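As a plain string of letters, each chain reads:
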Amino acid sequence: SQKIEQNSEALNIQEGKTATLTCNYTNYSPAYLQWYRQDPGRGPVFLLLIRENEKEKRKERLKVTFDTTLKQSLFHITASQPADSATYLCALDTGGGFKTIFGAGTRLFVKA
Amino acid sequence: DGGITQSPKYLFRKEGQNVTLSCEQNLNHDAMYWYRQDPGQGLRLIYYSQIVNDFQKGDIAEGYSVSREKKESFPLTVTSAQKNPTAFYLCASSIPGTVGSSGGYTFGSGTRLTVV
């Protein structure tokens, strides 16, 4: 079955460092992959989308990579700030935009 | 401001009771979705609707029902047949065919349902 995995352990980093979150998947070849931010008690907020033919995508302090051979996406936040503390979800397309699989998310804590 | 409004934020259900969660959007999106979120699990799709008066079952539709009488509204009813309804429910919307191009779903703030 299709599977998407994110590190269930929380990631703790110091302010100013780069946070790197991992999303691994199996048994599928998605056309694109999305990353979302979710704060406690709130709905996810869309951050970035990367397509299968793109190796890297950037938006301000965010960078996403997509390695279709490794079946892995990395999500980087550079110069991290305490306000970046949240849960980050990755999501895979399984065709047509209606059947998206979401990972359980990785909790990020940025300490001042 | 355009967005999705879910209500109520917190809802308590007694055993054997049906409850309805509201979802309204003013984004003019044709597609709407309901997801369920449980601790340690990814979002799971309950139902989705591509257009008014049409909806499709997702991966965990049993014990739930929806309607789509207006473009702006996609209410979810959690019926007594849903044996484990305690969860965080999220409504989302998108423009069909654009999730992979312009990117992403727009989510509401969620409703936390608890069985008492």
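Note: the structure precedes this text.
Computed from a predicted structure; not experimentally measured.

A. Fine view of the sheet that holds strand 1 (residues 4-7) of chain B. All names here are of chain B. Spatial ordering of the open sheet is given by 1-3-8-7, a layout of four strands whose pairing is antiparallel. The open sheet terminates on both sides in strands that have one partner only, identified here as strand 1 and strand 7 (64-66). Between one strand axis and the next, the sheet turns by 20 degrees as a mean value, whatever way the strands run. In this sheet, strand 8 (residues 76-78) lies alongside strand 7 in antiparallel orientation, the contact comprising three bridges. Bridge pairing links Ser 65 to Thr 77 in strand 8.

B. Local environment of the interface of chain A and chain B. Between chain A and chain B, the residue contacts involve 18 residues of the former and 27 residues of the latter. When chain A packs against chain B, the two sides together hide about 1800 Å² of surface, and 54% of this comes from carbon and sulfur. Across the chain A-chain B interface, the total number found is zero salt bridges. The interface formed by chain A and chain B holds four residue pairs in polar contact (both at pLDDT 80 or more) in total.

C. Region of interest: the sheet that holds strand 7 (residues 62-67) of chain A. All names here are of chain A. The antiparallel open sheet is built from five strands, whose spatial order is 1-3-8-7-6. Unpaired on one side and paired on the other, strand 1 (3-6) and strand 6 (56-59) mark the two borders of the sheet. Neighbour to neighbour, the strand axes of the sheet diverge by 15 degrees on average, direction disregarded. Two elements, strand 1 and strand 3 (residues 19-26), share four bridges in a ladder whose sense is antiparallel. Counterpart to Ile 4 in the pairing with strand 3 is Tyr 25.

D. Inspection of the packing of aromatic side chains at higher detail. Here the structure, examined in full by the defined rule, presents 15 aromatic pairs over all chains. Ring centres 6.4 Å apart and planes at 45 degrees place the aromatic pair A:Phe102 and B:Tyr105 in the tilted group. One end of the pair, A:Phe102, is in strand 10 (residues 100-102); the other, B:Tyr105, is in the loop between helix 1 (99-103) and strand 10 (106-107), on a second chain. Judged by its relative accessible area of 3%, A:Phe102 falls in the buried class. When its relative accessible area of 2% is taken as the criterion, B:Tyr105 is described as buried. Taken together, the ring pairs in this structure connect A:Tyr36, A:Phe46, A:Phe102, B:Tyr33, B:Tyr35, B:Tyr105 and B:Phe107 into an aromatic cluster.

E. The arrangement of the state of the cysteines in detail. Considering all chains together, one arrives at two disulfides over all chains under this definition. Two residues, A:Cys23 and A:Cys90, share a disulfide whose sulfurs are 2.0 Å apart. A torsion of 65 degrees about the S-S bond marks the disulfide between A:Cys23 and A:Cys90 as right-handed. Highlighted residues: A:Cys23 in strand 3 and A:Cys90 in strand 9 (residues 86-93), separated in sequence by 67 residues. According to the relative accessible area criterion, A:Cys90 is buried, its value standing at 0%. The disulfide partner of B:Cys23 is B:Cys91, and the gap between their sulfur atoms is 1.9 Å. Judged by the torsion about the S-S bond (-75 degrees), the B:Cys23/B:Cys91 disulfide is left-handed. Remark: B:Cys91 occurs in strand 9 (residues 87-94) and B:Cys23 occurs in strand 3 (residues 19-25); sequence separation between them is 68 residues. For B:Cys91, a relative accessible area of 0% translates into the label buried.

Each value, and the rule that gives it
Numbers given to residues run from 1 along each chain, matching the order in which its sequence is written. Chain letters and ligand numbers both follow the written order, the letters beginning at A and the numbers at 1. Reporting in this predicted model follows two pLDDT cut-offs: at least 70 for local features of residues, and 80 or more for side-chain atom pairs to be given and counted; totals over whole chains, interfaces and linings ignore these cut-offs and use all residues. Remark: hydrogens and water are excluded; side-chain values derive from all non-hydrogen atoms of the structure. When DSSP finds at least two bridges between two strands, those strands are taken to pair. Secondary structure elements are defined from DSSP: runs of H or I of at least 4 residues count as helices, runs of E of at least 2 residues count as strands, and each element is numbered from the N terminus. Axes, fitted as lines to C-alpha atoms, cover a helix only where it is in contact. Angles between the N-to-C directions of the axes lie from 0 to 180 degrees. Every residue pair with non-hydrogen atoms within 4.5 Å of one another is taken to be in contact. Take the accessible area each of two parts loses on contact, using a 1.4 Å probe, and add the two losses: that sum is the buried area. Here a salt bridge means any side-chain nitrogen of Lys or Arg lying within 4 Å of a carboxyl oxygen belonging to Asp or Glu. The definition of a polar contact used here is a pair of N or O atoms within 3.5 Å, where within protein one atom must be able to donate a hydrogen and the other to accept one, and adjacent residues in sequence count solely through side-chain atom pairs. Side-chain rings of Phe, Tyr and Trp (the six-membered ring for Trp) are treated as a pair once their centres are within 6.5 Å; stacked means planes under 30 degrees apart, edge-to-face means over 60, and tilted covers the remaining angles. Summary of the burial criterion: residues with accessible area below 20% of their type's maximum are buried, those above 50% are exposed, and those between are partly exposed, where the area comes from a 1.4 Å probe applied to protein chains only. The term disulfide is used for any two cysteine sulfur atoms that are within 2.5 Å.

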